[in-house]
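Remarks on the overall topology
In case you want the letters, here they are:
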Amino acid sequence: GPVFQKDKARLPGIIGKNSVWVPAGFYKIVIYETKEGTKAIGFEMPHKTLTGELKQYIIKIRDIEAETGLNFMSNLPAGEQDKLETVVPVGTEFLN
């Protein structure tokens, strides 16, 4: 999904006669199962040509929530939601 800057003056651009905001970046949240249980990982990428490895864009899901104002996994019990949203998984097994 899109990540917009809170400050209009810092937007990468506004296009068209209807002044459509161009996002500063984009996020992706991946939820996956491992032998240890359910894990989740967030990515945030700037709205530009990307360089480097995917792992440099890993971010806590809670940080994505703070930037977007959205609340992911709100149907889970609070403890499970906190575990998934505040921990960046050590292993990046799905990146291989």
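For the structure itself, consult the block above.
Residues numbered from 1 in each chain as written. Predicted model: local features only at pLDDT ≥ 70, side-chain atom pairs only at ≥ 80, totals over all residues. Heavy atoms only, no water.

1. What about a nonpolar patch on the surface?
- On the surface, Phe4, Ile14 and Trp21 cluster together to form a nonpolar patch covering roughly 260 Å² of accessible area.
- Examined against the element boundaries, Phe4 turns out to sit in the loop between strand E1 (2-3) and strand E2 (14-15).
- Overall, the relative accessible area of 34% leaves Phe4 in the partly exposed class. (Patch = residues over 30% accessible without salt bridge, like charges linked within 9 Å, V, L, I, M, F, W, Y side chains within 5 Å. Areas by Shrake-Rupley, 256 points an atom, 1.4 Å probe, with all protein chains shown as cover. Salt bridge = Lys/Arg side-chain N within 4 Å of Asp/Glu carboxyl O. Helix = DSSP H or I, 4+ residues; strand = E, 2+ residues; numbered from the N terminus. Buried < 20%, exposed > 50% of the residue type's maximum accessible area, 1.4 Å probe, protein only.)

2. Description of the pairing of strand E4 (residues 25-34)
- Bridge count between E1 and E4: two bridges; the pairing is antiparallel. The residue bridging Pro2 from the neighbouring strand is Phe26, located in E4.
- Bridge analysis of E4 against strand E5 (residues 37-46) gives 10 bridges, and the strand direction is antiparallel. Considered in E5, the bridge of Tyr32 is made with Lys39.
- Between E4 and E5, which pair antiparallel in sequence order, lie two residues. (Pairing = 2+ DSSP bridges.)

3. Some remarks on the side chain of Gln81
- For Gln81, the position within the fold is in helix H2 (residues 78-86).
- On the basis of relative accessibility, which here comes to 11%, the residue Gln81 falls in the buried class.
- Within polar-contact distance, the side chain of Gln81 engages the side chain of Asn71 at 2.9 Å. (Polar contact = N/O pair within 3.5 Å; in protein donor to acceptor, adjacent residues only side chain to side chain.)

4. Structural notes on the sheet that holds E4
- Spatially, E1-E4-E5-E6 is the arrangement adopted by the four strands of the open sheet, whose pairing is antiparallel. Each edge of the open sheet carries a strand with a single partner, namely E1 and strand E6 (58-59).
- In the sheet, E5 pairs with E6 via two bridges, with the strands oriented antiparallel. Across the sheet, the residue bridging to Gly42 is Ile59, located in E6.
- Running at roughly 50 degrees to E5, helix H1 (residues 61-68) makes contact with E1, E4, E5 and E6 of the sheet. (Contact = heavy atoms within 4.5 Å. Axes fitted to C-alpha atoms, helices over the stretch in contact; angles between N-to-C directions.)

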